[in-house]
Amino acid sequence: MFRLHGFSASNYYNMVKLALLEKRLPFEEVLLHGCQSPQVLALSPRGKVPVLEVEQGFISETDAILDYLEEVCPEIALLPTDPFHRAQVRALAKEIELYIELPARYCYVEVFFGGRPTPEALKAKARRDLDKGFVALAQRGRFMPYLAGERLTLADLYFLYSVDLACQVGKQLFDIDYLKPLPGARALLERLAENSNVQKVAADKKADIPAFMQRLRAAAQSEMAG
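Residues numbered from 1 in each chain as written. Predicted model: local features only at pLDDT ≥ 70, side-chain atom pairs only at ≥ 80, totals over all residues. Heavy atoms only, no water.

It is worth spelling out the UniProt feature "domain: GST C-terminal" (unreviewed entry) in the protein at this point. Mapped onto the present numbering, the UniProt feature "domain: GST C-terminal" (unreviewed entry) falls at residues 82-212. Across residues 82-212, the secondary structure splits into 74% helix and 0% strand, with the terminal C-alpha atoms separated by 41 Å. (UniProt positions renumbered as here; feature names shortened; annotations may be inferred. Helix = DSSP H or I, 4+ residues; strand = E, 2+ residues; numbered from the N terminus.)

What follows covers the nonpolar core. Core analysis: the biggest nonpolar cluster contains 63 residues, and Phe 134, Leu 137 and Phe 159 have the highest contact counts within it. The biggest single contributor to this core is helix α1 (residues 11-22), with 8 residues. Viewed by domain, this core spans two of them, domain 1 (2-77 + 196-225) and domain 2 (91-194), each represented by three or more residues. Setting aside anything within four residues of it in sequence, one finds Leu 137 in contact with Leu 92, Ile 96, Ile 100, Phe 143, Leu 147, Phe 159, Val 163 and Leu 182. Residues Ala 9, Val 40, Leu 43 and Val 51 belong to the second largest nonpolar core, which totals 8 residues. (Core = buried A, V, L, I, M, F, W, Y, C linked by side-chain atoms within 4.5 Å. Buried < 20%, exposed > 50% of the residue type's maximum accessible area, 1.4 Å probe, protein only. Domains from an automatic or database assignment. Contact = heavy atoms within 4.5 Å.)

Attention shifts here to helix α9 (residues 183-193). For α9, every residue scored as buried is listed here: Ala 185, Leu 188, Leu 189 and Leu 192. All buried residues of α9 project into a common sector of 100 degrees when viewed along the axis, lining one side. In α9, the exposed positions angled more than 90 degrees off the buried face are occupied by Pro 183 and Glu 190. (Arc of directions from axis to C-beta.)

The sheet built from 4 strands is open, its strands ordered β2-β1-β3-β4 with mixed pairing. Lying at the two open borders of the sheet, with one neighbouring strand each, are β2 (27-31) and β4 (57-60). Taking each pair of neighbouring strands and ignoring which way they run, the sheet shows an average axis angle of 25 degrees. As judged from the 4 bridges shared by strand β3 (residues 51-54) and β4, these two strands associate in the antiparallel manner. Paired with Val 54 across the bridge in β4 is Gly 57. Set on the sheet, α1 makes contact with β1 (2-6), β2 and β3; between it and β1 the angle comes to about 160 degrees. Of the strands in this sheet, β1, β3 and β4 are in contact with helix α3 (residues 62-72), which crosses β4 at around 120 degrees. (Pairing = 2+ DSSP bridges. Axes fitted to C-alpha atoms, helices over the stretch in contact; angles between N-to-C directions.)

UniProt feature "domain: GST N-terminal" (unreviewed entry): in the numbering of this structure it lies at residues 1-77. Within residues 1-77, the helical portion is 35% and the strand portion 23%, while the C-alpha atoms at the span's ends are 19 Å from each other.

A full pass over the atoms with the stated rule returns 18 salt bridges. Two residues, Lys 94 and Asp 63, come together in a salt bridge whose shortest N-O distance is 3.4 Å. Remark: Asp 63 occurs in helix α3 and Lys 94 occurs in helix α4 (residues 83-105); sequence separation between them is 31 residues. The partly exposed category is assigned to Lys 94, whose relative accessible area is 33%. Salt-bridge contacts for Glu 95 lead to Arg 140; the nearest nitrogen and oxygen are separated by 2.9 Å. Residue Glu 95 is found in helix α4, and its partner Arg 140 is found in helix α6 (residues 120-140); the two are separated by 45 residues along the sequence. Connected via shared salt-bridge partners are Lys 17, Glu 29, Lys 200 and Asp 204. (Salt bridge = Lys/Arg side-chain N within 4 Å of Asp/Glu carboxyl O.)

The N-to-C vectors of α1 and α3 enclose an angle of 5 degrees; their axes lie 10 Å apart at closest approach. Between α1 and α3, the crossing angle belongs to the class labelled roughly parallel. When α1 is examined against α3, the residues Tyr 12, Met 15, Val 16, Ala 19 and Leu 20 are found in contact with a partner set consisting of Thr 62, Ile 65, Leu 66 and Leu 69. (Parallel < 35°, antiparallel > 145°, perpendicular 65-115°, else oblique.)

The next subject is unusual backbone geometry. Omega for the peptide link from Val 49 to Pro 50 comes to 10 degrees, which places this bond in the cis form. Residue Pro 145 is bonded to the preceding Met 144 through a cis peptide linkage, with omega at -5 degrees. Inspection of the secondary structure puts Pro 145 in the loop between α6 and α7 (154-160). Its identity is not glycine, yet Glu 61 carries a phi of approximately 75 degrees, on the positive side. As for its position among the elements, Glu 61 is in the loop between β4 and α3. Look at Asp 175: it is not a glycine, yet its phi comes out positive at around 55 degrees. Looking at where Asp 175 falls in the secondary structure, it is placed in the loop between α8 (163-174) and α9. Classification of Asp 175 as exposed rests on a relative accessible area of 59%.

Right, dumping it as structure tokens:
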């Protein structure tokens with residue numbers, strides 16, 4: 001049985017968790033918060049989550065974990081079999097990660113955690129990158145009805161756990177509705193929300209948010225005291 005280390009408030013953790021559920025692979029969840037302690041660094045060289053524990057050891061980095069799961073369980077595929085289409089799905093996922101999720105993440109402290117305002121230069125960069133990221137999503141996304149076509153793929157996992165957060169950043173900081181020109185994207189979010197595995201992940205996330213926020217507040221107080 002696999003052991004998934006991380007916490008349910010993490011969007012990257014939830015990408016892997018949903019993949020495990022969709023592939024019907026048995027796994028145990030192990031609570032782990034990313035940090036630079038020796039114990040965590042022994043599992044993840046950057047001290048990040050998620051980490052997947054397998055028989056041979058530990059795998060870190062979400063894309064590497066998802067590729068591993070695809071190789072060990074190809075029967076329920078989240079990537080196309082054709083090499084070209086497989087590359088297209090991987091490119092979609094990477095574009096969402098680099099040009100939507102990452103720019104939005106610059107602003108998470110201000111938008112979601114009530115922290116200090118995002119520096120103006122960083123906020124401007126986030127705006128520029130998000131604008132371009134959603135243009136790329138509109139150009140490459142097929143929404144037929146899933147992001148890359150007729151079937152759920154790894155690109156949908158990145159989409160589900162990145163786009164909604166980025167849209168909240170866009171609305172709150174820039175007064176932009178990034179999904180307005182993308183009705184297919186909005187419909188896809190609604191379709192994914194009907195998936196029973198997505199609902200389970202969402203319920204676990206909701207239950208974990210209070211503890212996550214308490215941990216953030218404690219870390220902020222400790223930083224101020226230090």
